[in-house]
Every structure is written in C-alpha cells, then in structure tokens.
Amino acid sequence: RDAGPKCPVDNDLLLENQLFPDNFAKREILSLTVKCPSQDCATKMELRNLEHHLAVCEFASVECALCQQSFQRSQLPRHMEEQCPRRLVSCDNCLMEMPYEEKAGHEQTCPLAYVTCEYCQTDLARKQMADHYDMDCYKAPIPCTYSHFGCKEKVNFMYL
C-alpha cells in the first residue's frame, strides 16, 4: 500500500502502464447474486441489475423534495399529498396557495375569513369588521362625546 500497487502473485511493484482491465473478473463479479439492501425488500438479483432495481424498488429510501425527510418509495406519495408540512394547500376563503405549515397562521389574519362580531354575533368577513363596528353594529361601543377633546374612552350605546 505504501509503495503503490503490487502484483498479488510475485509482489513486484506495478506501474500504471502495466495495468489493464480484467473484463472476465468484472463479468464474474457482476453475475454474483445479491439481495436488495433496502429494508423489508427480499428481492434477489444479479449484481449487474441492482442499480436498476434500486431505482424502482418500493422499499428503497427516498427523500421528500419539500421537507427532506426520508421515506420508503411506496410511502412517499401519501406523505406528499397528506402529511408533508410543506405541501401546498389553498386557503378556503381567499384561495391563496401556501405551505400547509403556514395555513393556521394565515387563517388568523385572512381578510376574507368569516369572523363573528363580539357584540352582536353577526358573521362577516374580517376585512368588513372595522366598518361594521363603526357603522352597523348597534351594540358596539362608541367614542365618548368628548373624544374631540382627547377622551379615548368608548362607551356602550345602550348605557347612554
């Protein structure tokens, strides 16, 4: 190893121009029977067919392109459609596409999501709620009569 490649028969040092491919040995090695290295796969084949088998083996480990988690090839489609936190989903209200992991946060701020008025229990789109409080809701607190003098209090109309 230290001095370089040596002949296995007489231990003489071999030069690169003295080496040649041994196609017979290569064919013999490629014809050896091997078992698929994927867990749960019991398929046996010649070594020359292993690479092709691994490209289609349902038990081979593959990586999700979105979240980089590893799965057996047979489990990947279900993961991509139902479980991947980075799969694209649409908001039910505004139809905006986003990763699944961001949907819950978006639903808390979506301007088209329906929310209930805390005073009169009317359901309106979130973007309409400010106008509803100011103009339509008969139970919403109104600014104090002295708000133009700086009073920031709001009072319930029913108590005036």
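Numbering of residues starts from 1 in each chain and follows the order in which that chain's sequence is written. Given that this is a predicted model, residues contribute local features only at a pLDDT of at least 70 and side-chain atom pairs are listed and counted only at 80 or more, while totals for whole chains, interfaces and linings are drawn from all residues. Hydrogens and water are ignored here; the side-chain numbers use all heavy atoms of the structure.

**Some details on the overall build of the protein**
Line of reasoning, step 1. For the protein, the helix and strand inventory stands at 5 helices and 10 strands.
Line of reasoning, step 2. Dimensions of the protein along its principal axes, counting C-alpha atoms only, are 110 × 40 × 20 Å.
Line of reasoning, step 3. Residue exposure (1.4 Å probe, protein chains only): buried if accessible area is under 20% of the type maximum, exposed if over 50%, otherwise partly exposed. By the burial criterion, 22% of the 160 residues in the protein qualify as buried.
Line of reasoning, step 4. A separation of at least 24 residues holds for 1% of the contacts in the protein among residues at least 6 apart in sequence. Here a strand is any run of E in DSSP of at least two residues, a helix any run of H or I of at least four, and the numbering for each starts at the N terminus. Whether two residues are in contact is decided by their heavy atoms: any pair within 4.5 Å suffices.

**Here we look at the packing of aromatic side chains**
Line of reasoning, step 1. Side-chain rings of Phe, Tyr and Trp, where Trp is taken by its six-membered ring, are said to pair if the distance between their centres is within 6.5 Å; with planes under 30 degrees apart they count as stacked, over 60 as edge-to-face, and otherwise as tilted. On inspection of all chains with the given rule, the structure shows 2 aromatic pairs.
Line of reasoning, step 2. Ring centres 6.3 Å apart and planes at 35 degrees place the aromatic pair Tyr146 and Phe149 in the tilted group.
Line of reasoning, step 3. Exposure remark for Tyr146: the relative accessible area of 53% places this residue in the exposed category.
Line of reasoning, step 4. Of the residues examined, Phe149 reaches a relative accessible area of 64% and is grouped as exposed.
Line of reasoning, step 5. For a Lys NZ or an Arg CZ to count as sitting over a ring, it must be within 6 Å of the ring centre and within 35 degrees of the ring normal. In this arrangement the basic side chain of Arg87 is found over the ring face of Tyr100, its NZ or CZ atom lying 4.0 Å from the centre.

**Focus: the environment of Lys139**
Line of reasoning, step 1. If you trace the backbone, Lys139 turns up in the loop between α5 (129-136) and β9 (141-143).
Line of reasoning, step 2. Once the C-alpha coordinates of Lys139 and Gln121 are considered, the two residues, 18 residues apart in sequence, prove to be 9.8 Å apart.

**Focus: the side chain of His79**
Line of reasoning, step 1. Locating His79 in the fold gives a position in helix α3 (residues 76-83).
Line of reasoning, step 2. Classification of His79 as buried rests on a relative accessible area of 3%.

**Considerations on the nonpolar core**
Line of reasoning, step 1. By nonpolar core we mean a set of buried residues, namely Ala, Val, Leu, Ile, Met, Phe, Trp, Tyr and Cys, connected to one another through side-chain atoms within 4.5 Å. Core analysis: the biggest nonpolar cluster contains 7 residues, these being Val115, Cys117, Cys120, Leu124, Met129, Cys137 and Ala140.
Line of reasoning, step 2. For Cys120, the contacting residues outside a window of four places in its chain are His132, Cys137, Tyr138 and Lys139.

**Overview of the UniProt feature "zinc finger region: TRAF-type" (unreviewed entry) in the protein**
Line of reasoning, step 1. Sequence positions flagged by UniProt for "zinc finger region: TRAF-type" (unreviewed entry) are, in local numbering, residues 53-102 and 106-155.
Line of reasoning, step 2. Taken end to end, residues 53-102 has its terminal C-alpha atoms 38 Å apart, with 30% of it in helix and 24% in strand.
Line of reasoning, step 3. The distance from the first to the last C-alpha atom of residues 106-155 is 32 Å, and the span holds 20% helix and 22% strand. UniProt positions are given in the numbering used here, feature names are shortened, and annotations may be inferred rather than shown by experiment.

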